Amino acid sequence: MKFLLFLIVLLFSFSSISQSPTQTVRGSVFDNESQFPLTGVKVEIVLENEEISKFRTATDFNGEFLFENIPVGKHNLIASYAMYVSNNKTIEVISGKELIINMPLIELVTDQEEVVVHARKQGMVINEMALISAQQFSVEESNRYPGSRMDPARMASNFAGVQGADDSRNDIVIRGNSPLGVVWRVEGVDIPNPSHFAIAGSSGGPVSILNNKLLSNSDFFMSAFPAEYGNSTSGIFDLKLRNGNNSRHEFTGQFGFLGTEFVAEGPLSKKSRSSYLIMGRYSTLSLFQQVGIQIGTDAVPQYGDASFKFNFPLKKGGQLCFFGIGGKSKIDIKISEQTDYSSEFYGEGDRDQYFGTAMFVTGLNFKKPLNEKTFLSSTVAVSLDEQRSRHEYLQRSLNINGTDTLINVDTLYPMMGYQFQTIKTSGYFALNHKLSKKHLIKFGINADLFSFNQIDSVLSDLDVPDQFINRWDSQNNAFMIQPFFQWKYRASDNLDMTLGVHSQYFSFGNSFSPVEPRAGIKYRLKKNQSVFAGAGLHSQTQPLYTYNYHLIDNNSGEPVYHNQDMGFMRSVHSGVGYEKFFGQGFSIKTEAYYQYLYQVPVTIAPSSFSMINMGSGFARIFPDSLENTGTGYNYGLELTVQKYFDKSFFFLFSGTIYDSKYKGSDQKLRNTSYNGNYVFNLLAGKEFKVGTKNILGIGLKVTRAGGQRYGLVDIEQTEALKEIIFQDSLFNEFTFKDYFRVDLKVSWRLNANKTTHEIGLDLVNILNTNNLLSLAYAPSLDPNVINSPGYSPTTEKRQLGFLPIFYYKIDFRPKANN
């Protein structure tokens with residue numbers, strides 16, 4: 001707290017010794033569909049608290065514009081061009097970094113210049129083919145949302161139809177679907193799970209590797225997504241990487257609870273206008289540990305990550321970029337070192353655990369407008385995804401000596417170890433061609449080559465050391481091909497329609513989905529209203545390591561692969577919605593959806609098991625023999641009331657009422673593990689200008705949702721297998737109490753000369769509400785407890801308690817050379 005007060009005093013001292021700062025604002029304007037730069041576009045800035053523009057310019061031959069000496073603050077940036085819909089957005093100018101803005105414009109279909117068409121609305125997605133169940137992911141908005149921790153996935157959990165699965169992780173549940181169905185995509189290619197401490201096959205983790213300082217505004221799709229996206233029945237993050245500043249060098253430093261990081265960007269060559277953007281981060285808690293500062297536990301998560309993008313402009317509008325994102329993490333959880341005992345103590349497990357992960361992707365992306373009608377984009381990339389773990393089994397007892405009770409470790413020996421590694425080579429090619437003002441086509445292909453190296457061994461009997469069985473021992477390859485074609489028809493300025501087809505082939509099991517149709521329609525009514533609808537067929541593989549899981553045949557001693565012929569899980573998405581804009585960034589949107597899932601992998605033997613319930617938490621999947629005969633459905637109604645940040649205030653209410661059911665191989669209809677039935681979010685934030693250079697920000701978030709599902713524990717099986725086993729007949733029949741959480745964020749920003757300082761405090765679960773997550777295996781060590789009536793070797797696992805997250809950030813630019 002003393003450090004926080006010191007920084008506030010320091011910011012006030014800076015604010016008293018400099019004049020009102022200014023900054024450069026520049027960017028580019030281009031056709032939304034062909035990506036071709038537009039020359040002669042009128043661009044103007046209307047300063048805050050003013051109604052008439054004092055700053056006007058026009059784009060040059062490359063579609064670029066430049067404003068110098070713009071006062072810091074929040075202003076309106078307007079781009080207008082004959083026969084195009086104007087683009088009007090609120091911008092925030094700070095002293096420490098130049099503001100670089102991309103302004104896409106939509107061409108009018110009507111050939112009469114006097115036609116009245118309202119400006120492009122805030123929040124419109126980037127992908128020109130998306131007409132339903134899509135949301136723009138704004139980096140600026142994510143920085144303001146309390147509890148989001150500058151994490152794209154946690155930020156998306158505020159949207160209607162989306163919720164987190166576990167406070168300690170960033171897995172997200174989209175419309176009742178498993179997090180396994182979420183796909184992360186960068187520059188056209190699917191990438192491995194971009195999270196630290198990520199379990200194989202999952203889509204989330206405790207800490208994101210992605211740094212939002214690298215990202216530009218991106219798209220998030222929840223249903224019936226356009227035909228270029230595949231291998232998902234849930235949702236798509238289509239992330240865009242921003243370019244570094246190609247005119248001057250700029251730097252950012254940040255210190256906080258989640259990490260200590262730096263960002264550097266600037267021109268590689270001002271003549272060629274090439275640029276670099278690099279960043280790195282390392283976990284702050286592990287830094288403290290390395291310098292000898294005690295933080296109360298030896299189980300300190302260690303992680304680091306880095307990202308880069310080098311951009312090289314080419315002749316005639318082309319661009320070549322070299323990018324990379326990666327991270328590495330490890331944690332050692334040593335239960336054997338817990339020696340103190342209390343009557344409330346239950347072991348967090350019966351083993352020491354050593355766990356580490358690594359993820360990296362790097363590639364080349366080439367973009368080029370071939371002419372005013374045609375745009376080409378292609379990417380080649382290589383990625384690495386690795387998990388490694390080692391468990392040592394504990395047998396413990398109590399040592400009672402007078403009034404002291406300690407835990408003795410009687411035995412400690414190897415129990416399990418594994419290492420999974422996947423190397424993927426990816427290629428992407430897409431061509432946009434504008435046949436006319438009314439017709440746009442886009443076609444292309446995604447191709448992935450996987451190389452697996454998976455090994456895993458575990459004790460056959462926990463009480464007998466050195467007798468191991470092998471569950472994975474695979475060094476093999478697989479490939480996936482996904483061609484697509486899309487057509488967009490703009491019947492008028494108020495009516496858009498899209499049709500597309502996606503195809504998907506995966507070499508494991510020769511899984512083939514030849515035709516997956518996609519369709520969407522949007523009609524704009526009077527008074528800024530619109531209605532829309534869409535539908536699509538989608539397919540998805542299961543976590544890739546599940547295909548190589550095997551058992552040993554008792555007669556031959558050879559491995560038997562039960563699931564290498566496992567087929568795609570299929571899903572039919574449909575939805576309809578209504579939206580109205582009221583001006584000043586305020587809008588209301590409601591959407592109803594229905595999703596039918598089929599060919600879901602379930603056990604051959606009748607049971608409640610279904611892959612539809614997998615995907616969150618820190619456990620891998622050990623599938624029995626599976627077949628694609630399971631089904632499920634999700635349906636719901638969503639409401640979003642939103643005011644985008646404009647001048648000084650933002651507001652978001654998102655609510656969803658839904659139902660999520662499935663059938664396993666026993667054909668009994670059950671709740672899925674993600675059926676909470678409802679979720680509501682309320683967010684609001686306000687910024688107060690203090691003087692000419694200081695800004696105080698306050699944000700609040702309130703979340704209410706249905707409780708987590710669980711079943712009746714089978715005590716005998718749980719004790720025998722030393723893990724939670726539910727009775728099959730009552731699986732997911734019960735719920736914990738409803739989830740409730742309040743987050744508060746406070747920030748202070750100072751725009752000094754060529755430097756911006758910001759300090760912030762994100763108070764997650766400020767009321768320290770006791771939300772329950774699941775049941776966990778936790779046997780007691782006390783014989784009196786074990787022998788008591790009604791004893792169960794389980795405990796309730798709680799969600800995240802109160803967590804204060806502090807950060808200090810500085811943006812600065814050195815003095816330019818003359």
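Note that the coordinates shown come from a computational prediction; the quantities given were computed from them, not determined experimentally.

## Here we look at the overall build of the protein chain
Then step 1. The helix and strand inventory of the protein chain stands at 6 helices and 46 strands.
Then step 2. Taken against the 2.2 N^0.38 rule, which gives 28 Å for 818 residues, the C-alpha radius of gyration of the protein chain at 28 Å falls within 12% of a compact globule.
Then step 3. Projected onto its principal axes, the C-alpha coordinates of the protein chain cover approximately 85 × 65 × 45 Å.
Then step 4. Within the protein chain, the proportion of its 818 residues that are buried is 56%.
Then step 5. For the protein chain, long-range pairs separated by at least 24 residues make up 67% of all intrachain contacts whose partners lie at least 6 apart in sequence.
Then step 6. Here the protein chain has roughly 33900 Å² of accessible surface; of this, 57% comes from carbon and sulfur atoms.
Then step 7. Looking at the protein chain, you have 77 positive and 79 negative side-chain charges, and the mean spots of the two groups are 11 Å apart.

## A short note on the packing of aromatic side chains
Then step 1. If you walk through the whole model with that rule in mind, you get 37 aromatic pairs.
Then step 2. When the centroid spacing of 4.2 Å and the interplanar angle of 5 degrees are considered together, the rings of W184 and F237 count as stacked. A residue pair is termed long-range when its members are at least 10 positions apart, and W184 in strand β12 (residues 182-186) and F237 in strand β17 (residues 235-241) qualify at 53 residues. F237 carries the same exposure label as W184, and that label is buried.

## Some thoughts on the sheet that holds strand β2 (residues 42-46)
Then step 1. Judged by pairing direction, the sheet is antiparallel, and its 4 strands sit side by side in the order β3-β2-β5-β7 without closing on themselves. Both edges of this open sheet fall to β3 (55-58) and β7 (87-93), since each of them pairs with a single strand only. Shown here is a sheet whose adjacent strand axes are inclined to one another by a mean of 20 degrees, direction ignored.
Then step 2. Of the strand pairs in this sheet, β2 and strand β5 (residues 73-80) are connected by 5 bridges, and their pairing is antiparallel. Bridge pairing links V43 to A79 in β5.

## Side note on the pairing of strand β18 (residues 250-256)
Then step 1. β18 sits mainly inside the fold: 5 of its 7 residues count as buried.
Then step 2. Relative to strand β19 (residues 259-269), β18 runs antiparallel, the two being bridged by 7 bridges. Across the sheet, F251 pairs through a bridge with A264, a residue of β19.
Then step 3. Count of turn residues in the β18/β19 antiparallel hairpin: 2 residues.
Then step 4. Where β18 lies against strand β46 (residues 803-812), 6 bridges are found, and the strand directions are antiparallel. The partner of Q254 across the bridge, within β46, is K809.

## Some thoughts on the side chain of E392
Then step 1. As for its position among the elements, E392 is in strand β24 (residues 374-401).
Then step 2. Within the structure, the side chain of E392 is placed 2.7 Å from the side chain of R390, a separation counted as a polar contact.
Then step 3. In this view, E392 contacts D350, R351, D352, Y354, L412, Y413, P414 and M415; residues no more than four positions away in its chain are not counted.

## A short note on the nonpolar core
Then step 1. Formed by 41 residues in total, the largest nonpolar core has its most connected members in I172, W184, F220, F237 and I325.
Then step 2. Leave out the neighbours within four places in its chain, and F237 touches P152, A153, A156, I172, V182, V183, W184, R185, D219 and F220.
Then step 3. Core analysis: the next-biggest nonpolar cluster, separate from the first, contains 32 residues, Y418, V458, Y549 and I621 among them.

## Let's talk about the pattern of salt bridges
Then step 1. Tallied over the full model, the rule gives 44 salt bridges.
Then step 2. R490 is the partner of D493 in a salt bridge, and the nearest nitrogen-oxygen pair spans 3.9 Å.
Then step 3. A relative accessible area of 10% means that D493 is categorised as buried.
Then step 4. On the basis of relative accessibility, which here comes to 5%, the residue R490 falls in the buried class.
Then step 5. Two residues, K809 and E758, come together in a salt bridge whose shortest N-O distance is 3.9 Å. Placement of K809 in strand β46 and of E758 in strand β43 (residues 755-764) is noted, with a sequence separation of 51 residues between them. Comparing K809 with E758 shows no difference in burial state: the two are buried.
Then step 6. In the salt-bridge network here, residues are joined through shared partners; they are D31, E33, E107, K434 and K488.

## With respect to a nonpolar patch on the surface
Then step 1. On the surface, F429, F443, I445, L449, F479, I481, F485, V501 and V515 cluster together to form a nonpolar patch covering roughly 700 Å² of accessible area.
Then step 2. Counting only elements with at least two residues in the nonpolar patch, the list comes to β26 (439-459) and β27 (468-492).
Then step 3. Residue placement: F479 occurs in strand β27.
Then step 4. Note on F479: relative accessible area 36%, which makes it partly exposed.

## A look at the confidence of the model for the protein chain
Then step 1. Overall, the predicted model of the protein chain reaches an average pLDDT of 89, with 93% of residues at or above 70.
Then step 2. Taken as a whole, residues 113-118 scores under 50 in pLDDT and shows 10 contacts with residues more than four places along the chain or in a different chain.
Then step 3. In this model, residues 343-347 is a region of pLDDT below 50 whose contacts with residues beyond four sequence positions or in other chains number 12 contacts.

## A few points about the side chain of N127
Then step 1. With respect to the element layout, N127 can be found in the loop between β8 (99-107) and β9 (134-137).
Then step 2. Among the residues examined, N127 registers a relative accessible area of 7% and is labelled buried.
Then step 3. A polar contact of 2.8 Å, which involves the side chain of N127, links it to the backbone nitrogen of M129.
Then step 4. In terms of polar contacts, N127 uses its side chain to reach the side chain of Y229, at 2.9 Å.
Then step 5. Discounting residues that sit within four places of it in the chain, N127 has contacts with D219, F221, P226, E228 and Y229.

## Quick notes on the sheet that holds β9
In a beta sheet, neighbouring strands are held together by backbone hydrogen bonds and run either parallel or antiparallel to one another.
Then step 1. In spatial order, the strands read β9-β16-β17-β12-β13; together these 5 strands make up an open sheet with mixed pairing. Strands with a single pairing partner mark the edges of an open sheet, and in this sheet they are β9 and β13 (189-191). Averaged over all adjacent pairs, the angle separating strand axes in this sheet is 25 degrees, with direction ignored.
Then step 2. Pairing analysis gives 5 bridges linking β12 to β17, with the strands arranged parallel. Paired with R185 across the two strands is D238, which belongs to β17.

## Some words on the pairing of strand β33 (residues 569-583)
Then step 1. In this structure, strand β30 (residues 529-540) lies alongside β33, joined through 12 bridges in antiparallel fashion. Residue pairing across strands places S539 opposite R570, the latter belonging to β33.
Then step 2. Pairing analysis gives 13 bridges linking β33 to strand β34 (residues 586-603), with the strands arranged antiparallel. In the strand pairing of β34, V576 is matched with A592.
Then step 3. Connecting β33 to the antiparallel partner β34 that follows it, the hairpin turn spans 2 residues, and Q584 within it adopts a positive phi of roughly 55 degrees.

## Quick word on the environment of L761
Then step 1. Its place among the elements puts L761 in strand β43.
Then step 2. On a C-alpha basis, the gap between L761 and I455 in space is 43 Å, while along the polypeptide they are 306 residues apart.
Then step 3. Setting aside residues no more than four positions away along its own chain, L761 makes contact with L744, K745, V746, P804, I805, F806 and Y807.

About the cut-offs
- Residues numbered from 1 in each chain as written.
- Predicted model: local features only at pLDDT ≥ 70, side-chain atom pairs only at ≥ 80, totals over all residues.
- Heavy atoms only, no water.
- Helix = DSSP H or I, 4+ residues; strand = E, 2+ residues; numbered from the N terminus.
- Rg over C-alpha atoms; globule rule 2.2 N^0.38 Å.
- Buried < 20%, exposed > 50% of the residue type's maximum accessible area, 1.4 Å probe, protein only.
- Contact = heavy atoms within 4.5 Å.
- Areas by Shrake-Rupley, 256 points an atom, 1.4 Å probe, with all protein chains shown as cover.
- Lys, Arg positive; Asp, Glu negative; His and termini not counted.
- Charge placed at Lys NZ, Arg CZ, Asp CG, Glu CD.
- Phe/Tyr/Trp six-rings, centres within 6.5 Å; stacked < 30°, edge-to-face > 60°.
- Pairing = 2+ DSSP bridges.
- Axes fitted to C-alpha atoms, helices over the stretch in contact; angles between N-to-C directions.
- Polar contact = N/O pair within 3.5 Å; in protein donor to acceptor, adjacent residues only side chain to side chain.
- Core = buried A, V, L, I, M, F, W, Y, C linked by side-chain atoms within 4.5 Å.
- Salt bridge = Lys/Arg side-chain N within 4 Å of Asp/Glu carboxyl O.
- Patch = residues over 30% accessible without salt bridge, like charges linked within 9 Å, V, L, I, M, F, W, Y side chains within 5 Å.
- pLDDT = per-residue confidence, 0-100.

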